[in-house]
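Commentary on secondary and tertiary structure
Chain by chain, the residues:
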Amino acid sequence: MVTRTRFDDSDCPVARSVDAIGDWWSLLIVRDAFDGSRRFGEFQRSLGVAKNILTARLRTLVAGGILTTVPASDGSAYREYVLTPKGEALFPVIVALRQWGERNFFAPGEEHSELVDRRHGQPLRALEVLSADGRPLHPGETIVHKVSHERP
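Cut-offs used in this document
Residues numbered from 1 in each chain as written. Predicted model: local features only at pLDDT ≥ 70, side-chain atom pairs only at ≥ 80, totals over all residues. Heavy atoms only, no water. Axes fitted to C-alpha atoms, helices over the stretch in contact; angles between N-to-C directions. Helix = DSSP H or I, 4+ residues; strand = E, 2+ residues; numbered from the N terminus. Parallel < 35°, antiparallel > 145°, perpendicular 65-115°, else oblique. Left-handed = near helix turned anticlockwise from the far one by under 90°. Contact = heavy atoms within 4.5 Å. Nonpolar A, V, L, I, M, F, W, Y, C, P; charged D, E, K, R; others polar. Phe/Tyr/Trp six-rings, centres within 6.5 Å; stacked < 30°, edge-to-face > 60°. Buried < 20%, exposed > 50% of the residue type's maximum accessible area, 1.4 Å probe, protein only. Salt bridge = Lys/Arg side-chain N within 4 Å of Asp/Glu carboxyl O. 1 Å grid on protein atoms, 1.4 Å probe; cavity = no way out; pocket = protein on both sides within 12 Å on 5 of 7 lines; lining within 4 Å. Points joined across faces, edges and corners; volume = space filled by probe spheres on them.

On to the packing of helix H3 (residues 40-47) against helix H4 (residues 51-63), then. Running from N to C, H3 and H4 cross one another at 120°; their axes reach a closest spacing of 11 Å. Looking at the two axes, H3 sits oblique to H4. Here H3 runs over H4; the crossing is right-handed. Contacts between H3 and H4 pair Phe40, Phe43 and Gln44 from the former with Lys51, Leu54, Thr55 and Leu58 from the latter. When grouped by side-chain class, the residues that make up the contact of H3 with H4 number 4 nonpolar, 2 polar and 1 charged.

Next comes the structure, spelled out in structure tokens:
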């Protein structure tokens, strides 16, 4: 069996983030959690993923502090999965992936799902990367700067 490469000690935030999420199933679980799924069966029906894979991904997301389990809202003996604040902080990531997908993987007029503002029913404005002073930034206008915190 091939051992998965881990990035949890990398100095790159992107690598650590990818390590925490794990794979596409995990991102789709997070997407479904934002859409209101809470129970194992709901995730399984939505994704069509094998139960053993779903179990492993849910366990990883809970261990990583992205989801937590709570008693079932209907008072039954079941447990439900809910996003933690760390998981809710993935909302802009999910929105960015959704908007990127809408722009790049659908033909004009092709049916697809759309995220809308619940209050007004309007599609969200495209996400932008902005500088500290509010200017839109493009990739060539940024540079990675290493942050070091030396101890005295």
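From this point on, the discussion continues.
We now examine the side chain of Ser26. In this fold, Ser26 is placed in helix H2 (residues 24-34). When residues no more than four places from it in sequence are discounted, the contact partners of Ser26 are Ile21, Arg57 and Leu61.

So, about the packing of aromatic side chains. In this structure the tally under the stated criterion is 3 aromatic pairs. Between the aromatic rings of Phe43 and Tyr81, the centroid separation amounts to 6.3 Å while the plane-to-plane angle is 75°, which identifies the pairing as edge-to-face. Here Tyr81 lies in strand E2 (residues 79-83) and Phe43 lies in helix H3, a separation of 38 residues in the sequence. The pair Phe43 / Tyr81 is uniform in exposure class, with both members buried.

This part takes up the pattern of salt bridges. This model, assessed by the stated rule, comprises 6 salt bridges. The residue Asp32 makes a salt bridge to Arg31 at a minimum N-O spacing of 2.8 Å. On the basis of relative accessibility, which here comes to 3%, the residue Asp32 falls in the buried class. Accessibility expressed as a relative area gives 25% for Arg31, which makes it partly exposed. The shortest N-O distance in the salt bridge between Glu80 and Arg38 comes to 2.7 Å. With Glu80 in strand E2 and Arg38 in the loop between H2 and H3, this residue pair connects regions lying 42 residues apart in the sequence. A relative accessible area of 30% means that Arg38 is categorised as partly exposed. Taken together, the shared-partner salt bridges connect Arg38, Arg39, Asp74 and Glu80 into one network.

Considering only enclosed or pocket space, the largest pocket measures out at about 300 Å³ in volume. Lining of the largest pocket is provided by 13 residues; of these, Phe34, Asp35, Phe91, Leu115 and Val116 occupy positions nearest its centre. Those elements giving two or more residues to the lining of the largest pocket turn out to be H2 and helix H6 (91-104). Broken down by element, the residue count for the lining of the largest pocket peaks at 3 residues, all from H6. Its residues assigned to classes, the lining of the largest pocket comprises 6 nonpolar, 1 polar and 6 charged. Taken together, Trp24, Leu27, Leu28, Arg31, Ile94, Leu97, Arg98, Trp100 and Ser113 make up the full set of residues lining the second largest pocket.

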